[in-house]
Amino acid sequence: MAYGAKLDDASRRVFVLLSDGECDEGSTWEAVMFSSHHRLDNLVAIVDYNKIQSLGPVAETLALEPFADKWRAFGWSVIEVDGHDHNELYTHLSGLPKTVGKPTCVLAHTVKGKGVSFMERSVLWHYRTPRGSEYDEALNELISDE
Amino acid sequence: MRDNFVRQLSELARSDPRIFLMTADLGFRVLDGYAADFPKQYLNVGIAEQNMIGLATGLALDGRIVFTYSIGNFSTLRCLEQIRNDACYHSANVKVVAVGGGFSYGPLGISHHATEDLSIMRSLPDMTVVAPGDQWETREATRQLVETKGTCYLRLDKSSAPATARAGEVFSIGKARKVREGADITLAATGGILGAALEAADYLVEQGIACRVLSVHTIKPFDTDAIIRACKETGGIVTVEEHTIDGGLGSLVAETCLEAGVTPQFFRRVGLRAGFSSKVGSQEYLRREYGMDAASIAKAVAELISARSPRFSLRRAK
């Protein structure tokens with residue numbers, strides 16, 4: 001879509017939301033390489049970098065670090081942000097592209113299950129659905145956070 | 001089924017150091033025990049199925065028997081070329097295992113519905129394709145796949161038929177099992193949906209229709225004889241698969257019959273006819289929605305029989 005927009009001289013932007021685990025896939029890096037080669041500065045990839053994948057920590061499964069350097073080496077402009085800070089995200093996403101001629105990667109550092117103490121950084125909650133009192137407890141924690 | 005698969009594989013791995021299990025970052029809690037017991041016979045390669053097949057082929061060509069584990073489409077379609085060129089073409093001892101056959105992961109949507117895997121896997125030369133119907137078949141198939149040379153595909157289902165094995169029965173890959181006798185019609189089912197076929201057979205008996213039920217756990221090599229016998233000995237064949245009707249068990253039965261010059265009196269493929277299964281929900285819900293639950297199977301049979309054989313006057317299937 002981003003390539004198509006360039007072909008059409010259209011000003012629209014394309015945003016892609018990626019998980020960190022997804023960056024294990026070779027096809028992700030094929031697209032990453034393609035996008036910089038074709039100078040797709042209308043493309044923004046936001047990576048939800050919560051450092052946990054299906055069976056455990058990313059670092060112990062298939063390490064991505066130095067993650068930002070990988071994106072840079074593939075020709076992307078990288079912004080590292082606190083993925084939970086909406087103001088920070090707003091500021092950065094208002095100033096796109098970060099570099100003319102380069103696609104932008106927003107590496108959003110996040111905490112999986114943020115705001116619910118018993119869900120934070122837990123692989124279990126990749127699979128579970130809160131039930132009954134768990135749901136109420138989670139909601140209470142989220143509301144009292146605000 | 002996946003628990004029985006892992007249990008059986010663990011038993012085998014204990015005495016056979018060639019056995020190796022690779023996962024593409026799936027199997028939360030299911031593989032923990034195996035991983036702890038056999039650290040040198042286990043690897044999580046990350047979410048990278050294409051690389052997994054390449055790695056598995058390398059280890060297999062060095063003498064290991066490698067089981068690759070992921071969900072339906074990820075372990076098959078995503079890395080299809082690697083399965084074909086790396087593993088299959090070299091007759092490597094790679095056993096591709098897919099959990100979540102058909103609508104097992106129904107609530108996760110189309111990306112997780114495995115509805116084309118059987119036809120695609122069976123088109124690969126020299127491939128063995130197995131979809132067990134119950135827990136016993138799962139354990140037996142796992143055991144026999146270790147002994148089966150070359151690249152194999154094992155499709156595991158969330159659902160499972162109730163135990164169908166007779167005392168002392170011997171399971172053989174490539175040999176369909178007659179799990180119920182009946183002369184009016186044959187229900188040939190593959191995978192866990194065998195349970196729905198048996199349920200339909202129960203219902204049809206009440207309607208005066210006796211079904212032979214075949215568990216066609218092996219799609220390739222195919223048990224041609226069992227199908228031809230079913231054509232000759234029973235009134236017709238209805239195939240049942242939680243899979244597209246294009247190229248799967250139903251197609252295979254049709255090809256087999258035509259080529260053998262045997263024509264069943266009637267024939268129908270129960271399976272996915274809607275193209276993409278864009279609905280989301282439990283396995284039972286999706287079977288119902290897409291016309292392959294026990295009631296739909298019974299209805300299809302009843303309609304076929306009453307259309308062809310006036311001697312049956314049927315109450316309408318529920």
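Computed from a predicted structure; not experimentally measured. Here the residue numbers are simple positions, counted from 1 along each chain's written sequence. The order in which chains are written sets their letters, starting at A; the order in which ligands are written sets their numbers, starting at 1. Local features in this predicted model are restricted to residues whose pLDDT is 70 or higher, and side-chain atom pairs enter the listing and the counts only when it is 80 or higher, whereas totals over whole chains, interfaces and linings include all residues.

Looking at the sheet that holds strand β3 (residues 65–71) of chain B
Residues and elements named next belong to chain B.
Here is step 1 of the chain: Across the sheet, which stays open at both edges, the 7 strands sit in the order β2-β1-β3-β4-β6-β5-β10 with mixed pairing between neighbours. Unpaired on one side and paired on the other, β2 (42–44) and β10 (218–220) mark the two borders of the sheet. Strand-to-strand twist in this sheet, taken as the mean axis angle between neighbours without regard to direction, amounts to 20°.
Here is step 2 of the chain: Taken together, the 6 bridges between β3 and strand β4 (residues 94–99) define a ladder with parallel strand orientation. Counted as the bridge partner of Tyr69 is Val97 from β4.
Here is step 3 of the chain: On the sheet, helix α1 (residues 2–15) packs against β1 (19–23), β3 and β4 and is oriented at approximately 145° with respect to β1. Here, any two strands with at least 2 DSSP bridges between them count as paired. Numbering of helices and strands runs from the N terminus, with a helix taken as a DSSP run of H or I at least four residues long and a strand as a DSSP run of E at least two residues long. Angles here are taken between N-to-C directions and fall from 0 to 180 degrees, while the axes themselves are lines fitted to C-alpha atoms, restricted in helices to the stretch in contact. A residue pair is marked as a contact if its C-beta atoms, positioned from the backbone, fall within 7 Å.

Concerning the packing of helix α3 (residues 49–61) of chain B against helix α5 (residues 80–88) of chain B
All names here are of chain B.
Here is step 1 of the chain: Where α3 contacts α5, the two axes come as close as 9 Å, and the packing angle between them is 10°. Of the possible angle classes, the one that applies to α3 and α5 is roughly parallel. On α5, the residues touching Gln50, Ile53, Gly54, Ala56 and Thr57 of α3 are Gln82, Ile83, Asp86 and Ala87.
Here is step 2 of the chain: Put simply, Ala, Val, Leu, Ile, Met, Phe, Trp, Tyr, Cys and Pro go in the nonpolar bin, Asp, Glu, Lys and Arg in the charged bin, and everything else, Gly too, in the polar bin. Taken together, the residues of the contact of α3 with α5 sort by class into 4 nonpolar, 4 polar and 1 charged. Should an angle lie under 35 degrees it is considered roughly parallel, over 145 roughly antiparallel, and from 65 to 115 roughly perpendicular; all remaining angles are considered oblique.

Description of the domain arrangement of chain A
Here is step 1 of the chain: With domains assigned, chain A is organised as domain 1 (2–110) and domain 2 (115–146).
Here is step 2 of the chain: Domain segmentation is taken from an automatic or database assignment of domains. Measuring from the centre of the C-alpha atoms in domain 1 of chain A to the corresponding centre in domain 2 of chain A gives 28 Å.

A closer look at the sheet that holds strand β3 (residues 77–82) of chain A
Residue and element names in this part refer to chain A.
Here is step 1 of the chain: Taken together, 4 strands build an open sheet; the order of strands is β1-β2-β4-β3 and the sheet is parallel. The open sheet terminates on both sides in strands that have one partner only, identified here as β1 (14–19) and β3. Across this sheet, the average inter-strand angle for adjacent strands is 20°, counted without regard to direction.
Here is step 2 of the chain: In terms of strand pairing, strand β2 (residues 43–49) meets strand β4 (residues 104–109) through 6 bridges, oriented parallel. The residue of β4 that forms the bridge with Ile46 is Val106.
Here is step 3 of the chain: Contacts between helix α5 (residues 86–94) and the sheet are confined to β3 and β4, with β3 contributing the most and set at about 160° to the helix.

Brief notes about the nonpolar core
Here is step 1 of the chain: In plain words, the nonpolar core is the set of buried Ala, Val, Leu, Ile, Met, Phe, Trp, Tyr and Cys residues that C-beta atoms within 7 Å link up. For the exposure call, what matters is how many other C-beta atoms sit within 10 Å of a residue's own: 20 or more marks it buried, 12 or fewer exposed, and in between partly exposed, using C-beta atoms placed from the backbone. Formed by 98 residues in total, the largest nonpolar core has its most connected members in Leu187, Ala197, Ala200, Val240, Ile297 and Val301 of chain B.
Here is step 2 of the chain: When residues of this core are assigned to domains, at least three fall in each of domain 1 (2–155) and domain 2 (177–308) of chain B.
Here is step 3 of the chain: For Ala200 of chain B, the residues in contact, after removing those within four places along its chain, are Leu187, Ala294, Ile297, Ala298 and Val301 of chain B.
Here is step 4 of the chain: Among the nonpolar cores identified, the runner-up in size contains 19 residues, and Leu18, Val32, Val44 and Trp71 of chain A belong to it.

So, the domain arrangement of chain B
All names here are of chain B.
Here is step 1 of the chain: Assigned domains within chain B: domain 1 (2–155) and domain 2 (177–308).
Here is step 2 of the chain: The gap between the C-alpha centroids of domain 1 and domain 2 is 26 Å.
Here is step 3 of the chain: Elements represented by at least two residues in the side of domain 1 that touches domain 2 include exactly α6 (117–122), β5 (128–130) and α7 (135–147).
Here is step 4 of the chain: Here the residues of the side of domain 1 that touches domain 2 are counted per class, giving 10 nonpolar, 10 polar and 5 charged.

Description of helix α12 (residues 294–308) of chain B
Residue and element names in this part refer to chain B.
Here is step 1 of the chain: With 15 residues, α12 extends 21 Å between its outermost C-alpha atoms, agreeing within 8% with the 21 Å of an ideal straight helix rising 1.5 Å per residue.
Here is step 2 of the chain: Restricting attention to buried positions, one finds in α12 the residues Ala294, Ile297, Ala298, Lys299, Ala300, Val301, Ala302, Leu304 and Ile305.
Here is step 3 of the chain: Buried residues along α12 sit in contact with β8 (185–190), α8 (194–206), β11 (237–244) and β12 (267–272). Working rule for helices: expected span equals 1.5 Å times residues minus one.

Remarks on unusual backbone geometry
Here is step 1 of the chain: Following Leu96 of chain A, the chain continues into Pro97 of chain A via a peptide bond in cis, with omega recorded as -5°.
Here is step 2 of the chain: In this fold, Pro97 of chain A is placed in the loop between α5 and β4.
Here is step 3 of the chain: With an omega dihedral of -5°, the bond running from Lys220 of chain B to Pro221 of chain B counts as a cis peptide bond.
Here is step 4 of the chain: Here Pro221 of chain B is to be found in the loop between β10 and α9 (224–233).
Here is step 5 of the chain: One non-glycine residue, Lys51 of chain A, lies in positive phi territory at about 65°.

Details of the confidence of the model for chain B
Interpreting fine coordinate detail is not advised for predicted regions of low pLDDT.
Residue and element names in this part refer to chain B.
Here is step 1 of the chain: pLDDT gives the predictor's per-residue confidence on a scale running from 0 to 100. For chain B, mean pLDDT is 95; residues scoring 70 or higher make up 97% of the total.
Here is step 2 of the chain: Across residues 313–318, confidence stays below pLDDT 50; counting only partners more than four residues off in sequence or on other chains, it has 9 contacts.
Here is step 3 of the chain: Among the scores for the predicted complex, ipTM is 0.87 and pTM is 0.93.

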